[in-house]
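Below, each chain spelled out in residue letters.
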Amino acid sequence: MSELLNLWWVWTAAALALAVIEVLVPGFIFLGFAIGALAMVGIIFATPGLSAPALLAIFGGLSLVAWIGLRMAFRKQSSGAKIVHQDINDN
């Protein structure tokens, strides 16, 4: 398992698979995991030979940071719906 997690193409394939799942399931749930898996490619190149628990912990942390960043970025978007305080027929 540790040898498999130290391969960069495994993390790239995981990122692509999670991105495809995100397209099928709305809500920006899997996009944070996809970003975390894609960031793991850089971690693998920077520090080769990390243990499997360390890689999974880093992946979890990166995914959490990506998910929080996505929540902050997309929270500011308005749906365009207006709140009506006065009915047109109340005159």
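For clarity, every value in this text was computed on a predicted model and none was experimentally measured. (Residues numbered from 1 in each chain as written. Predicted model: local features only at pLDDT ≥ 70, side-chain atom pairs only at ≥ 80, totals over all residues. Heavy atoms only, no water.)

### A look at the overall build of the chain
Moving on, step 1. When helices and strands are tallied, the chain shows 4 helices and 0 strands.
Moving on, step 2. Traced from its N-terminal end to its C-terminal end, the chain shows the element sequence α-α-α-α.
Moving on, step 3. Relative to the compact-globule value of 12 Å for 91 residues, the chain shows a C-alpha radius of gyration of 20 Å, a clear excess of over 25%.
Moving on, step 4. Seen through its C-alpha atoms, the chain measures out along the principal axes to roughly 75 × 20 × 15 Å.
Moving on, step 5. Among the 91 residues that make up the chain, the fraction classed as buried is 21%.
Moving on, step 6. The contacts in the chain between residues at least 6 apart in sequence include a share of 57% that link residues at least 24 apart. (Helix = DSSP H or I, 4+ residues; strand = E, 2+ residues; numbered from the N terminus. Rg over C-alpha atoms; globule rule 2.2 N^0.38 Å. Buried < 20%, exposed > 50% of the residue type's maximum accessible area, 1.4 Å probe, protein only. Contact = heavy atoms within 4.5 Å.)

### Here we look at the packing of aromatic side chains
Moving on, step 1. Inspection of the entire model under this criterion finds 3 aromatic pairs.
Moving on, step 2. An aromatic cluster of at least three residues, connected via ring pairs, comprises Trp11, Phe33 and Phe59. (Phe/Tyr/Trp six-rings, centres within 6.5 Å; stacked < 30°, edge-to-face > 60°.)

### Focus on the side chain of Ser63
Moving on, step 1. Note that Ser63 resides in helix H4 (residues 52–75).
Moving on, step 2. On the accessibility criterion, Ser63 (3% relative accessible area) is buried.
Moving on, step 3. Ser63 has contacts with Gly32, Phe33 and Gly36, leaving out every residue within four places of it along the chain.

### Thoughts on the packing of helix H3 (residues 31–46) against H4
Moving on, step 1. Look at H3 against H4: their axes get within 7 Å of each other, and the N-to-C directions meet at 130°. Relative to H4, the element H3 lies oblique. Considering how the two elements wind past one another, H3 and H4 form a crossing that is right-handed. Judged by residue contacts, Leu31, Gly32, Phe33, Ile35, Gly36, Ala37, Ala39, Met40, Ile43 and Ile44 of H3 engage Leu55, Ile58, Phe59, Leu62, Ser63, Ala66, Trp67 and Leu70 from H4.
Moving on, step 2. Broken down by class, the residue content of the contact of H3 with H4 amounts to 15 nonpolar, 3 polar and no charged. (Axes fitted to C-alpha atoms, helices over the stretch in contact; angles between N-to-C directions. Parallel < 35°, antiparallel > 145°, perpendicular 65-115°, else oblique. Left-handed = near helix turned anticlockwise from the far one by under 90°. Nonpolar A, V, L, I, M, F, W, Y, C, P; charged D, E, K, R; others polar.)

### So, the nonpolar core
Moving on, step 1. Formed by Leu5, Trp11, Ala15, Ala37, Met40, Val41, Ile44, Ala52, Leu55 and Phe59, the largest nonpolar core amounts to 10 residues.
Moving on, step 2. The greatest single-element share of this core, amounting to 4 residues, is contributed by H3. (Core = buried A, V, L, I, M, F, W, Y, C linked by side-chain atoms within 4.5 Å.)

### Structural notes on the confidence of the model for the chain
Moving on, step 1. Residues of the chain with pLDDT of at least 70 account for 93%, and the chain-wide mean is 87.
Moving on, step 2. Within the chain, helix H1 (residues 2–5) has the poorest average pLDDT of any element, 78, and H3 the best, 94. (pLDDT = per-residue confidence, 0-100.)

### Topic: H3
Moving on, step 1. In this model H3 runs 23 Å from its N-terminal to its C-terminal C-alpha over 16 residues, within 8% of the 22 Å that 1.5 Å per residue would give.
Moving on, step 2. Buried within H3 we find Gly32, Ala34, Gly36, Ala37, Met40, Val41 and Ile44.
Moving on, step 3. Among the structural elements, H1, helix H2 (8–24) and H4 are those in contact with the buried residues of H3. (Expected span 1.5 Å × (residues − 1).)

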